[in-house]
Every structure is written in structure tokens, then in C-alpha cells.
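# Observations on the model geometry
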Amino acid sequence: MSVDKDTVAKIASLARIRIDETQSEALAGELSNILGWIEQLSELDTEGVEPMTSVVSMTLPLREDEVTDGGYPDKVTANAPEAAHGFYAVPKVVE
């Protein structure tokens, strides 16, 4: 798939970035190369290949799901810059 200057302008608009006309030609080539590489990856046969999260096989440690009561707002808000009534106090941001 090749990307032209109009497509680059549309992508820049969607990404809310400003590019010069001189940059659009170079970006079109770079985006075309990236899409070409992705097309090459889609040609690989991955049938029977299990998804992996690491190159080393590992099993994550499991723990029991336990419900804790919490109920200690003084400890939770002890390091807060400002706390009020057991909650974090923050500056008003809505006008």
C-alpha cells in the first residue's frame, strides 16, 4: 500500500499535528515503508504458533482472591498533600 501526500495530510489532521508541504513527501515515503513492512508480517504463516508474553516460558504466581475491608482512610490519606473527611482534597478544576 502506498501513501500519497493527501493521505499524509489527512493523518496529520487526525493526529492534530502540523506538517509542512516539504515534510509530507518524506512522510509519505516513510509511512509507505512502514505499511509495506506490516504487509510482509501478515504474509507469515502463524498457524499453530501459541501467543507468548515472553521469550522465556514462565508461569505467573497465583494467589487467592480475598476481600479486605479497607476501612482505614487515615492511613490511606496520611501522605496526601491535603485531605478532608477521609478523602483526598484537590483544587477545583471546573469553572
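Below: a short report on this structure. Everything numeric in this text was worked out from a predicted model, so none of it was measured.

## Focus on the side chain of serine 32
Note on placement: serine 32 falls in helix α2 (residues 21–42). For serine 32, the side chain forms a polar contact with the main-chain nitrogen of valine 3, separated by 2.8 Å. Within polar-contact distance, the side chain of serine 32 engages the backbone oxygen of alanine 28 at 2.9 Å. Setting aside chain neighbours within four positions, we find serine 32 in contact with Met1, Ser2 and Val3.

## Thoughts on the environment of threonine 22
Residue position: threonine 22 is located in helix α2. Between the alpha carbons of threonine 22 and serine 54 there is a distance of 41 Å; along the sequence they are 32 residues apart.

## A word on unusual backbone geometry
Positioned with a positive phi, arginine 16 is a non-glycine residue whose angle comes to about 60°. Mapped onto the elements of the fold, arginine 16 is located in the loop between α1 (5–15) and α2. Residue class for arginine 16 comes out exposed when judged on its relative accessible area of 71%. Positive phi, close to 60°, is recorded for histidine 85, a residue that is not glycine. The residue histidine 85 is located in the loop between β1 (83–84) and β2 (87–88) in this model.

## Side note on the packing of α1 against α2
Two elements in contact, α1 and α2, have axes whose closest approach is 9 Å; the angle formed by their N-to-C orientations is 100°. Accordingly, the angle class assigned to the pair α1 and α2 is roughly perpendicular. Side by side, α1 and α2 meet where Lys5, Val8 and Ile11 of the first sit next to Glu21, Ser24, Glu25, Leu27, Ala28 and Leu31 of the second. Partitioned by chemical class, the residues of the contact of α1 with α2 number 5 nonpolar, 1 polar and 3 charged.

## So, the side chain of serine 24
Secondary-structure assignment places serine 24 in helix α2. Taking the relative accessible area as the measure of exposure, serine 24 reaches 4% and is therefore buried. Engagement of the side chain of serine 24 in a polar contact is seen with the backbone oxygen of glutamate 21, the distance being 2.8 Å. Look past the residues within four positions of serine 24 in its chain and what remains in contact with it is Lys5, Val8 and Ile19.

## Thoughts on the environment of alanine 83
Here alanine 83 shows up in strand β1. On the basis of relative accessibility, which here comes to 41%, the residue alanine 83 falls in the partly exposed class. As for alanine 83 and proline 73, which are separated by 10 residues in sequence, their C-alpha atoms are 9.9 Å apart. When residues no more than four places from it in sequence are discounted, the contact partners of alanine 83 are Thr77 and Ala89.

The rules behind these values
- Residues numbered from 1 in each chain as written.
- Predicted model: local features only at pLDDT ≥ 70, side-chain atom pairs only at ≥ 80, totals over all residues.
- Heavy atoms only, no water.
- Helix = DSSP H or I, 4+ residues; strand = E, 2+ residues; numbered from the N terminus.
- Polar contact = N/O pair within 3.5 Å; in protein donor to acceptor, adjacent residues only side chain to side chain.
- Contact = heavy atoms within 4.5 Å.
- Buried < 20%, exposed > 50% of the residue type's maximum accessible area, 1.4 Å probe, protein only.
- Axes fitted to C-alpha atoms, helices over the stretch in contact; angles between N-to-C directions.
- Parallel < 35°, antiparallel > 145°, perpendicular 65-115°, else oblique.
- Nonpolar A, V, L, I, M, F, W, Y, C, P; charged D, E, K, R; others polar.

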